[in-house]
There are 2 protein chains.
Amino acid sequence: MKTRGSLIVLSGFAGVGKGTVLKSLFETHEGYAYSVSATTRSPRPGEVDGVHYFFVSKERFEQMIANDELLEYACYVDNYYGTPKAYVDSKLEDGFDVILEIEVQGALNIKKKVPDAILIYMLPPSAVTLRDRLTGRGTETPDVIRKRMERAAEEAVGVEQYDYIVVNDDADECAQELNSLIRAQRHRTGSNKAFIRMIQEDLKRLTKEGD
Amino acid sequence: MKTRGSLIVLSGFAGVGKGTVLKSLFETHEGYAYSVSATTRSPRPGEVDGVHYFFVSKERFEQMIANDELLEYACYVDNYYGTPKAYVDSKLEDGFDVILEIEVQGALNIKKKVPDAILIYMLPPSAVTLRDRLTGRGTETPDVIRKRMERAAEEAVGVEQYDYIVVNDDADECAQELNSLIRAQRHRTGSNKAFIRMIQEDLKRLTKEGD
């Protein structure tokens, strides 16, 4: 009996290392799929349409909203970001655990629409580590770093609404913990309805035969 | 920062192999504690008071009910079974994951009183396997086996109210799965409130310093 995969919503402050951890997770384990989001923002160098994002026009995005083709969507820095339903559903049905990497606002919207989605927040070992990582990248101006830290402080308020946290100290270790956490969800009663039903019916049948 | 342990409520049909799986779990992993139940039933050969159960009189048990000293209690085949609060709480506080092995009725009462308790139901790979295991013991009369199967059929209706299921095909494998499932609960937001609070406050402080 094939177990339906879990919808995993992963969030975390900019600079916490989500990308590196997910790369490690996908390299070392099978059965995972990324959710590919739709967005109206322009592709960054190296980003491929249909792989990193579905890059769409504002008009097309608003049509997707109107047609209820999105699991969630949010507007961030003047651009739309959203999760196309059909893609996620087909992957879950095929037994994949689908990872959705989105902002707090989107994550909480998902939880309302899909109550059995698992919300995981990736935290740094400490706030100082986060600042050091943002500074250490060497790619951001002090002003951008300050804004990211401000945004992190704002976002942090929402962490308690998540189901789980993982702490990213070492990316490979964090990926292993994330994997254990996600695979444990396969045991959820809600993911095993068909099996439970079978046991219930067979017990009833065997009991009657015994009379 | 010490993480408070999880309260794990484990149930399963008579004959499913809970005892063997828990023995394997406790032998191969640290950080677990059994909850010791109070009961009014007589000790079976080899059962030690304070280890397997606290064996108490009916009068003492009813006093414990009156004093609200129990997390839950239930009556089964004319005997009381209950979970003393103080013992469980001290073990959780010490960071142990506490395993409570109780009937469906008691488990659902616990969930009402302790919403962050984790309810796990151990199932056989199939209903036929359960019957074969009960028969294979060679210690029960056909009449007892029939009654156990009937009771299993009744209990099975409650499985959907549990959080998770584990399937006991091989006891050692089941113990490993159970361990992963229980240890994953350490990542729950509710078990990490102090850490989350610390990150939130430090981010706020660092952001202010940056101004």
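Description of the structure in this document. (Residues numbered from 1 in each chain as written. Chains lettered and ligands numbered in written order. Predicted model: local features only at pLDDT ≥ 70, side-chain atom pairs only at ≥ 80, totals over all residues. Heavy atoms only, no water.)

A tally of regular secondary structure across chain A gives 8 helices and 9 strands. Principal-axis analysis of the C-alpha atoms places the extent of chain A at approximately 80 × 40 × 30 Å. Relative to its 211 residues, chain A shows a buried fraction of 46%. Looking at chain A alone, contacts between residues at least 24 apart form 67% of all its contacts between residues at least 6 apart. Of the roughly 10500 Å² of accessible surface on chain A, 50% is carried by carbon and sulfur atoms. (Helix = DSSP H or I, 4+ residues; strand = E, 2+ residues; numbered from the N terminus. Buried < 20%, exposed > 50% of the residue type's maximum accessible area, 1.4 Å probe, protein only. Contact = heavy atoms within 4.5 Å. Areas by Shrake-Rupley, 256 points an atom, 1.4 Å probe, with all protein chains shown as cover.)

Right, let's get into the packing of helix α1 (residues 18-28) of chain B against helix α7 (residues 171-184) of chain B. Residues and elements named next belong to chain B. At their nearest, the axes of α1 and α7 sit 8 Å apart, and the two run at 65° to each other. Between α1 and α7 lies a crossing whose hand is right-handed. From α1, T20, V21, L22, S24, L25 and T28 reach across to α7, where they touch A171, D172, C174, A175, Q176, L178 and N179. Its residues placed into classes, the contact of α1 with α7 shows 7 nonpolar, 5 polar and 1 charged. (Axes fitted to C-alpha atoms, helices over the stretch in contact; angles between N-to-C directions. Left-handed = near helix turned anticlockwise from the far one by under 90°. Nonpolar A, V, L, I, M, F, W, Y, C, P; charged D, E, K, R; others polar.)

Let's shift gears to the interface of chain A and chain B. Across the boundary between the two partners, chain A contributes 46 residues, which contact 46 residues of chain B. Taken together, the links from chain A to chain B amount to 2 salt bridges. The partner of A:E160 in a salt bridge is B:R197, and the shortest N-O contact between them spans 3.3 Å. Connecting chain A to chain B are 17 residue pairs in polar contact (both at pLDDT 80 or more). For the side of chain A that touches chain B, the secondary-structure elements that each account for two or more residues are α5 (127-136), α6 (142-155), β9 (164-167), α7 (171-184) and α8 (193-210) of chain A. Top element by residues in the side of chain A that touches chain B is α8(A). It accounts for 12 residues. Looking at the side of chain A that touches chain B residue by residue, the class counts come to 26 nonpolar, 9 polar and 11 charged. (Salt bridge = Lys/Arg side-chain N within 4 Å of Asp/Glu carboxyl O. Polar contact = N/O pair within 3.5 Å; in protein donor to acceptor, adjacent residues only side chain to side chain.)

In the superposition of chain A on chain B (RMSD 0.1 Å, axial shift 0.0 Å), the rotation amounts to 180°. Accordingly, the operation relating the two chain copies is best matched by a two-fold axis. Most of the interface of chain A is mirrored in chain B, where 100% of its interface residues are also at the interface. (Least-squares fit on C-alpha atoms with pLDDT ≥ 70 in both.)

Before going further, it helps to spend a moment on the sheet that holds β9(A). All names here are of chain A. Read from one edge of the open sheet, 5 strands run β2-β7-β1-β8-β9, paired in parallel fashion. Among the strands making up the open sheet, the edge pair consists of β2 (32-34) and β9. When strand polarity is set aside, the average angle formed by the axes of neighbouring strands in this sheet is 30°. Running at roughly 140° to β2, helix α1 (residues 18-28) makes contact with β1 (7-12), β2, β7 (97-101) and β8 (118-123) of the sheet. Here helix α4 (residues 104-113) sits on the sheet in contact with β1, β7 and β8, set at roughly 155° to β1. (Pairing = 2+ DSSP bridges.)

Core analysis: the biggest nonpolar cluster contains 109 residues, and A:L7, A:I120, A:L203, B:L7, B:I120 and B:L203 have the highest contact counts within it. In this view, B:L7 contacts B:L71, B:V88, B:L92, B:V98, B:L100, B:I110, B:V114, B:A117 and B:I118; residues no more than four positions away in its chain are not counted. (Core = buried A, V, L, I, M, F, W, Y, C linked by side-chain atoms within 4.5 Å.)

All names here are of chain B. Inspection of the entire model under this criterion finds 34 salt bridges over all chains. Across the salt bridge formed by D97 and R183, the nearest N and O atoms sit 3.0 Å from each other. One end of the pair, D97, is in strand β7 (residues 97-101); the other, R183, is in helix α7, and 86 residues separate them in sequence. For D97, a relative accessible area of 0% gives the class buried. Salt-bridge contacts for R151 lead to E155; the nearest nitrogen and oxygen are separated by 3.5 Å. On the criterion of helical spacing, the pair formed by R151 and E155 is a turn pair, its members being 4 residues apart in helix α6 (residues 142-155). We classify R151 as partly exposed; its relative accessible area is 28%.

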